[in-house]
Every structure is written in C-alpha cells, then in structure tokens.
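# Descriptive structure summary
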Amino acid sequence: MAHGTRDELLDHLAEAVGSVAVAHPTRVAVDGPPAAGKTTLADELAAVLRERGRDVIRATIDDFLFPRARRYPRGEYSAEGCYFDTHDYESLTRVLLDPLGPDGDRRFRPAVYDHTTDAVLSPPVTTAPAGAVLVFDGVFLMRPELLDRWDLRVFVSTALDRTVDRAVIRERQVSSRADVERRWRERYIPAQQLYFATVRPTDHADIVVHNDEPRQPIWESRAVEAGW
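Below is a summary of the structure that appears in this document. (Residues numbered from 1 in each chain as written. Predicted model: local features only at pLDDT ≥ 70, side-chain atom pairs only at ≥ 80, totals over all residues. Heavy atoms only, no water.)

This next bit is on the environment of His 24. Locating His 24 in the fold gives a position in the loop between α1 (6–19) and β2 (26–31). Note: C-alpha distance between His 24 and Val 48 (24 residues apart in sequence) is 20 Å. Here Leu 100 takes part through its backbone oxygen, which lies 3.0 Å from a polar atom of the side chain of His 24. (Helix = DSSP H or I, 4+ residues; strand = E, 2+ residues; numbered from the N terminus. Polar contact = N/O pair within 3.5 Å; in protein donor to acceptor, adjacent residues only side chain to side chain.)

Given below as structure tokens:
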C-alpha cells in the first residue's frame, strides 16, 4: 500500500502507463463503481500524460451504451439489466479496442452512442499514432469479454454506500434524492455486487486506487508491476 497526494498518485499512474511496452497504442482501463471517481481520475491522468508528450485518446463506456429502448427489458431498476443489457461490448471491441490492439490497424472510432440524446453515432474514423494512449473509464471493464484487451488495468475503489452520497450531490440538478437513492440501491449497487461476485475485478487490476478520500488516496500495485 502507498499513501500520498493526488499528484503523487497521478505520477505513479503515468509512470505505469510509460512502463507498458507494446508495439501498438496502450489501452488503459479505469474501472470502478458509479460515482467512485473514475471519470475524474481518468481525466486527470489524460492531462498528465499529455503534459508528458503522449497522444491521448480519451473515451468512456457511456458512449458505448445500447439505445434506451434496448437497455431496460428487465425494468429500469433491474440490477441484472444493468449488468447484462446496458453496454455494447461488441461495438466497443470492434471499433475501438481491437483496432488499437496488437492485430489492429489503429483506425478507430471513440463512440457509437450519444447518451444525452439517445442517438446512435458514427463519428469519423481516426488513425491513432502507434505511441498513443487510450484512457478509457467505465463500469464492468474487467468482464471476461474485455479483460484481455487492456494493457493496463486500474480499479478505483470506494465504499459503495459512499457512492450514493456522491451521486446525490452529482445529480441534484436533474434527479431527486429519492430517485437517485432508489437507482443506486436497487440497480447500481446490486449490479456491482453481482460483478464482484462473478468477476472479482480487483483480482485482475494492475493498480487499485482506494478513493474514499480523493485528495489523500491510497493505492496498491499488483505483482505484475514488480520492478517499477
């Protein structure tokens, strides 16, 4: 376990990215429960990497959802629906992760869906430099169908009850506290519990960031990072 400042954590993560030796873009997963702080951390990491001269592709699982009409066959508050019916992994691997992988041509699309308008997207194809870094945040990124497509895996951990309070603050402009609490307690938290029980995501992470106190993070690096 290491304790430090936010800047020290970001420096450690950036060094971890720099230590990945692959002949294609480095694909970094930033996994964790909703409202754990993974999007903020991924944004900060992307900024640090750009400051160090890396080309960064910043993308998120929120841009790889199925359209709303397809996401809720089990009901709006179903935890199983959250886990099984929400994300378009086939498109994610086809248009982003595989093109940036060892057998890819580096021609990628960063999104297939706009969650603000519930519209399917087909942005122009872009070619990534071989030395680029994909920083990708989202839930359930250590699932078996995605696990081998990451070159560095970060898991942002926090107490699940704490995510409810963070979500209420984050969504207070668009949702009532009662609605946020219901979605978290009936859908999002049980979906994470299902994920932990079936996948054990922290077992697959290269770095686990304990983010209960974001300005005073604690992190641990797994054995695969020995020698850093």
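Once that is clear, we can look at helix α5 (residues 89–97). Judged by how many residues are buried, α5 sits mostly within the fold: seven of nine residues are covered. Among the residues of α5, Tyr 89, Ser 91, Leu 92, Thr 93, Val 95, Leu 96 and Leu 97 are the ones counted as buried. Considering only its buried residues, α5 is in contact with β2, β3 (56–60), β4 (107–108), β8 (133–138) and α6 (144–147). (Buried < 20%, exposed > 50% of the residue type's maximum accessible area, 1.4 Å probe, protein only. Contact = heavy atoms within 4.5 Å.)

As a further point, take the packing of aromatic side chains. Summed over the entire model, instances satisfying the criterion amount to nine aromatic pairs. Through successive ring pairs, a cluster of aromatic residues spans Tyr 83, Phe 84, Phe 140, Phe 155, Tyr 195 and Phe 196. A cation sits over an aromatic face here: Arg 70 above Phe 66, 3.8 Å from the ring centre. In this structure, Arg 182 is placed above the aromatic ring of Tyr 77, and the distance from its NZ or CZ to the ring centre is 3.7 Å. (Phe/Tyr/Trp six-rings, centres within 6.5 Å; stacked < 30°, edge-to-face > 60°. Lys NZ or Arg CZ within 6 Å of the ring centre and 35° of its normal.)

Quick look at the side chain of Arg 153 now. Inspection of the secondary structure assignment puts Arg 153 in strand β9 (residues 152–157). Among buried Asp, Glu, Lys and Arg side chains, Arg 153 stands out as unpaired, with Asp 148 the closest opposite charge at 4.3 Å. Setting aside anything within four residues of it in sequence, one finds Arg 153 in contact with Ala 29, Met 142, Leu 147, Asp 148, His 204, Ala 205, Asp 206 and Ile 207. (Lys, Arg positive; Asp, Glu negative; His and termini not counted. Salt bridge = Lys/Arg side-chain N within 4 Å of Asp/Glu carboxyl O.)

Attention now goes to the packing of α1 against helix α2 (residues 38–51). One can describe the packing of α1 onto α2 by two numbers: an axis separation of 10 Å at closest approach and a directional angle of 65°. Classified by the angle their axes make, α1 and α2 are roughly perpendicular. Viewed along their axes, α1 and α2 form a crossing whose handedness is right-handed. In contact with Arg 6, Leu 9, Leu 10, Leu 13, Ala 14 and Val 17 of α1, α2 contributes Thr 40, Leu 41, Glu 44, Leu 45, Val 48 and Leu 49. (Axes fitted to C-alpha atoms, helices over the stretch in contact; angles between N-to-C directions. Parallel < 35°, antiparallel > 145°, perpendicular 65-115°, else oblique. Left-handed = near helix turned anticlockwise from the far one by under 90°.)

Residue placement: Arg 109 occurs in the loop between β4 and β5 (113–114). Here the alpha-carbon distance between Arg 109 and Pro 124, two residues 15 residues apart in the chain, equals 6.7 Å.

Quick look at the pattern of salt bridges now. Within this structure, the stated rule accounts for 13 salt bridges. A salt bridge links Glu 90 to Arg 94, with the shortest nitrogen-to-oxygen separation between them at 3.0 Å. Placement of both Glu 90 and Arg 94 in helix α5 is noted, with a separation of four residues, approximately one turn of the helix. A relative accessible area of 48% places Glu 90 in the partly exposed class.

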